[in-house]
Amino acid sequence: MTGQLPEGTVPWLHDVGRWIGRWVQRPWYRITVTGVERVPLTGPVVLVANHSSLVDPQVIFGMLPRRAVFLVKSELFVGPLGRALRAIGQVPVTRGSPDRTALGTTVRVLGAGGLVGVFPEGTRGAGDVDRAEQGAAWLVRMSGAVVLPVATRGTRRPPGSRRRLRPKLDVLVGEPFELAVGRGRTGLAEATEVIRRGLADLVRELDEQRTDAV
């Protein structure tokens, strides 16, 4: 492991990747980020975010004021893209079942005081966080990390609509919070619901802000 990054990461490439994430979508979206000062600059953090498109992870990765490791679906880790993702420190995860290798890697990152990003919905969708998988709660239980909710809106084109010209993309960072995860499956399920509800509430708050701004 290289500090708070997985073994095999090239730190300078990681930082280049963050710069690209910060700027690559700017020609295509009008991006507003609110609450970035709430991101803890030190210590273990499990970032949880809703997920509507492949743009969300890029924007979040780029806007963070510190290095971050994200769990990324394993299907993307093929060919040059897969090598690039590994070089910048992202971790492949197999969806639909507990991936012990991915979880073990990210627990070590958190143990070194790093930040790990998780999309608890498990796949792209409406981004309303109507459901959540238990990986984020498990990471919190194993590491004692704080939870940082992040909501995004604007990357998903409404069904049936035409291509939009530089749509507004909003990112809202919530308040980090500590979470005591109880023992066993019950404790994990209860903590997962706390995370899901907190993230869903933040998404609704962002929706209200976007409506008021129209």
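Residues numbered from 1 in each chain as written. Predicted model: local features only at pLDDT ≥ 70, side-chain atom pairs only at ≥ 80, totals over all residues. Heavy atoms only, no water.

A count of helical and extended segments in the protein chain gives 6 helices and 7 strands. Shown N-terminal to C-terminal, the secondary structure of the protein chain runs as helices and strands in the order α-β-β-α-β-α-β-α-β-α-β-β-α. A compact globule built from 214 residues would reach a C-alpha radius of gyration of about 17 Å, and the protein chain, at 16 Å, matches this within 12%. Seen along its three principal axes, the alpha-carbon backbone of the protein chain occupies a region of about 45 × 40 × 30 Å. Of all intrachain contacts in the protein chain linking residues separated by at least 6 positions in sequence, the fraction that spans at least 24 positions is 74%. Surface exposure of the protein chain reaches about 11100 Å², of which carbon and sulfur atoms provide 55%. (Helix = DSSP H or I, 4+ residues; strand = E, 2+ residues; numbered from the N terminus. Rg over C-alpha atoms; globule rule 2.2 N^0.38 Å. Contact = heavy atoms within 4.5 Å. Areas by Shrake-Rupley, 256 points an atom, 1.4 Å probe, with all protein chains shown as cover.)

With 33 residues, the main nonpolar core has Val46, Val48, Leu71, Val118, Leu139, Leu179 and Ile195 as its most contacted residues. Ranked by the residues each element gives to this core, the list is headed by helix α6 (residues 184-213), at 8 residues. Every residue in contact with Leu139, bar those within four places of it in the chain, is listed here: Val46, Leu71, Leu103, Thr106, Val107, Leu110, Val116, Val118 and Gly144. With 26 residues, the next largest nonpolar core counts Ile31, Val59, Phe61 and Leu115 among its residues. (Core = buried A, V, L, I, M, F, W, Y, C linked by side-chain atoms within 4.5 Å. Buried < 20%, exposed > 50% of the residue type's maximum accessible area, 1.4 Å probe, protein only.)

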